[in-house]
Amino acid sequence: TKDWNGIDKVVLRNPRGASARVSLYGGQVTSWRNEQGEELLFTSSKAIFKPPKAVRGGIPICFPQFGNCGSLEQHGFARNKIWTIDENSPPLSPKDSQGKSFIDLLFKPSEEDLKCWPHSFEFRLRVSLAADGSLTLISRVRNVNGKPFSFSFAYHTYLSVSDISEVRIEGLETLDYLDNLCGKERFTEQGDAITFESEVDRVYLSAPNVVAVLDHERKRTYVIKKEGLPDVVVWNPWEKKSKAMADFGDDEYKQMLCVDGAAIAKPVTLKPGEEWTGRLELSAVPSTFCSENLDLQGRG
Ligand code: TA6
């Protein structure tokens, strides 16, 4: 289908009626719905499609740089470029294909991209929807030129929540984090779960590979499973920052929370020919499961 001024968008569906949409603009997942048709990702009502800006919501891909800690634009350029459908993607394991509705996308740097980031790579993204409605994103970045290069990465995941003051994150207790609100200073998480009363903008370091986001009001838990992504970004702009963003409604911070599987603190370095894989699996389960049932790994 076409969207955003004629940019192609792929629709994935599973037999039970769950769906996901992926735009060729940025390889961005723009929608993920459960079998009841409920939208599980947040997209701002004021999101604008104005290349080269990113569209506010869904799951923008931050590559080859997270944040503004480098020479590139904020969060790198991959999310602002047109990707292509990859007809002959190198095969993934059967578990990544069997019984799944999936699409393979490819992004290779243009001459313009190489001017601002002189490393040639192939970035293959598989987005898949499983029979149980879970959404999996698998990024494979391969160094195809003669020099090693390093990059940072995040799946900038805007989760839809009913009321941010009724949301908590489990799985990040006792971890150290870099606080973007205090010059990236390092702190240690003291709480038993992360709750939200004001702006939060943190990178949790060496996080366990399973994190749960519990939306109390909707009785829904997002289970985030990751591989190759040591860090977790947690971001809510709260009221003041929301008002400062043109593509974000003043009160929309109440209905969203970014919890991003990421590789930031220790950038990924690839030698020529080497390939990195970053995998994220999102599922939304009824919160009648108490969090202990989610067998969160590595909890204290
Ligand atoms: O930590 C997440 C973050 O880096 C925040 O500082 C905020 O800038 C957010 O990403 C959104 O960035 P964007 O470029 O998409 O507006």
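Residues numbered from 1 in each chain as written. Predicted model: local features only at pLDDT ≥ 70, side-chain atom pairs only at ≥ 80, totals over all residues. Heavy atoms only, no water.

Under an unreviewed UniProt entry, the protein has the name glucose-6-phosphate 1-epimerase and belongs to Corchorus olitorius. Database annotation for the protein, UniProt heading Sequence similarities (unreviewed entry): "Belongs to the glucose-6-phosphate 1-epimerase family." Taken directly from UniProt, the Catalytic activity (unreviewed entry) text for the protein runs: "alpha-D-glucose 6-phosphate = beta-D-glucose 6-phosphate". (UniProt positions renumbered as here; feature names shortened; annotations may be inferred.)

K.L.:
Talk me through the site of the ligand; I want residue IDs and the actual numbers.
P.N.:
Taken together, Arg56, Phe66, Gln74, His75, Arg79, His156, Tyr158, Asn180, Asp201, Val233 and Trp235 are the residues near the ligand. Between Arg56 and the ligand, the recorded distance is 2.9 Å, taken from a side-chain N or O atom to an oxygen atom. Within the side chain of Asp201, an N or O atom sits 2.6 Å from an oxygen atom of the ligand. Calculation on the ligand without its partners gives an accessible area of 390 Å², and the protein chains cover 83% of this total. Across the shell around the ligand, the residue classes tally to four nonpolar, four polar and three charged. (Near = heavy atom within 4 Å. Polar contact = N/O pair within 3.5 Å; in protein donor to acceptor, adjacent residues only side chain to side chain. Areas by Shrake-Rupley, 256 points an atom, 1.4 Å probe, with all protein chains shown as cover. Nonpolar A, V, L, I, M, F, W, Y, C, P; charged D, E, K, R; others polar.)

K.L.:
Can you break down the confidence of the model for the protein residue by residue, with the values?
P.N.:
Here the protein shows a mean pLDDT of 93. Residues at 70 or above account for 94%. Scoring of the predicted complex yields 0.95 for pTM and 0.98 for ipTM. (pLDDT = per-residue confidence, 0-100.)

K.L.:
Residues and numbers for the pairing of strand E10 (residues 149-155), please.
P.N.:
Burial analysis of E10 places six of its seven residues in the buried class, which makes it a mostly covered element. Pairing of E10 with strand E19 (residues 256-270) involves five bridges; the strand directions are antiparallel. Within E19, the position partnered with Ala154 by the bridge is Ala262. (Buried < 20%, exposed > 50% of the residue type's maximum accessible area, 1.4 Å probe, protein only. Helix = DSSP H or I, 4+ residues; strand = E, 2+ residues; numbered from the N terminus. Pairing = 2+ DSSP bridges.)

K.L.:
Quick one: what's the story with the side chain of Arg124, residue by residue and with numbers?
P.N.:
Looking at where Arg124 falls in the secondary structure, it is placed in strand E8 (residues 121-129). On the basis of relative accessible area, Arg124 is assigned to the buried category, the value being 13%. Of note is the side chain of Arg124, whose polar atom sits 2.8 Å from the side chain of Asp86. Separated by 2.7 Å, the side chains of Arg124 and Glu122 make a polar contact. If sequence neighbours within four positions are ignored, Arg124 has contacts with Asp86, Ser89, Pro90, Leu105, Leu106, Ile138, Ser139 and Arg140. (Contact = heavy atoms within 4.5 Å.)

K.L.:
Go over the sheet that holds strand E9 (residues 135-143), please, and point to the residues and values.
P.N.:
On the basis of which strands lie adjacent, the open sheet formed by eight strands has the order E6-E7-E8-E9-E20-E17-E16-E12 and antiparallel pairing. Strands at the two margins of the open sheet, each flanked by one partner only, are strand E6 (84-85) and strand E12 (167-170).

K.L.:
How would you sum up the UniProt feature "binding site: substrate" (unreviewed entry) in the protein? Please name residues and give values.
P.N.:
Mapped onto the present numbering, the UniProt feature "binding site: substrate" (unreviewed entry) falls at Arg56, Gln74 and Arg79. Considering the C-alpha atoms alone, the annotated residues occupy 24 residues of sequence yet fold into one spot, their largest mutual distance being 13.4 Å. Within the secondary structure, Arg56 is located in the loop between strand E4 (29-33) and strand E5 (61-62). Owing to a relative accessible area of 15%, Arg56 belongs among the buried residues under this scheme. Not counting chain neighbours up to four residues away, the residues in contact with Arg56 comprise Thr43, Ser44, Ala47, Tyr158, Trp235, Met245, Asp247 and Phe248. Turning to its location among the elements, Gln74 is positioned in the loop between E5 and E6. Under the relative-accessibility criterion, Gln74 is labelled partly exposed at 39%. Ignoring sequence-local partners within four residues, the contact set of Gln74 consists of Gly67, Asn68 and Arg79.

K.L.:
Pulling in residues and values, what's your account of the nonpolar core?
P.N.:
Phe63, Phe123, Phe151, Ile169, Leu172, Phe196 and Leu257 are the most contacted members of the largest nonpolar core, which has 74 residues in total. Sorting elements by how many residues they give to this core places E19 first, with seven residues. If you look at the next biggest cluster of nonpolar residues, it comprises eight residues, including Ala154, Leu205, Val233 and Ile264. (Core = buried A, V, L, I, M, F, W, Y, C linked by side-chain atoms within 4.5 Å.)

K.L.:
Go over the packing of aromatic side chains with me, naming the residues and quoting the values.
P.N.:
For any pair of aromatic rings, the description rests on two quantities: the centre-to-centre distance and the angle between the ring planes. As enumerated under the stated definition, the model contains 23 aromatic pairs in all. Aromatic side chains Tyr25 and Phe49 sit 5.0 Å apart centroid to centroid with 80° between the ring planes, which places their arrangement in the edge-to-face category. Here Phe49 lies in the loop between E4 and E5 and Tyr25 lies in the loop between strand E3 (19-23) and E4, a separation of 24 residues in the sequence. By the burial criterion, Tyr25 is buried, and Phe49 matches it. On the basis of an interplanar angle of 85° and a centroid distance of 5.1 Å, the ring pair of Phe63 and Phe123 is categorised as edge-to-face. On the criterion of sequence distance, the pair formed by Phe63 in the loop between E5 and E6 and Phe123 in strand E8 is long-range, its members being 60 residues apart. Within the aromatic cluster, the residues linked to one another by ring pairs are Phe63, Phe77, Trp83, Phe107, Trp117, Phe121, Phe123, Phe149, Phe151, Phe153, Tyr155 and Trp276. Arg126 extends its terminal NZ or CZ atom over the ring of Phe102, reaching a point 3.7 Å from the ring centre. (Phe/Tyr/Trp six-rings, centres within 6.5 Å; stacked < 30°, edge-to-face > 60°. Lys NZ or Arg CZ within 6 Å of the ring centre and 35° of its normal.)

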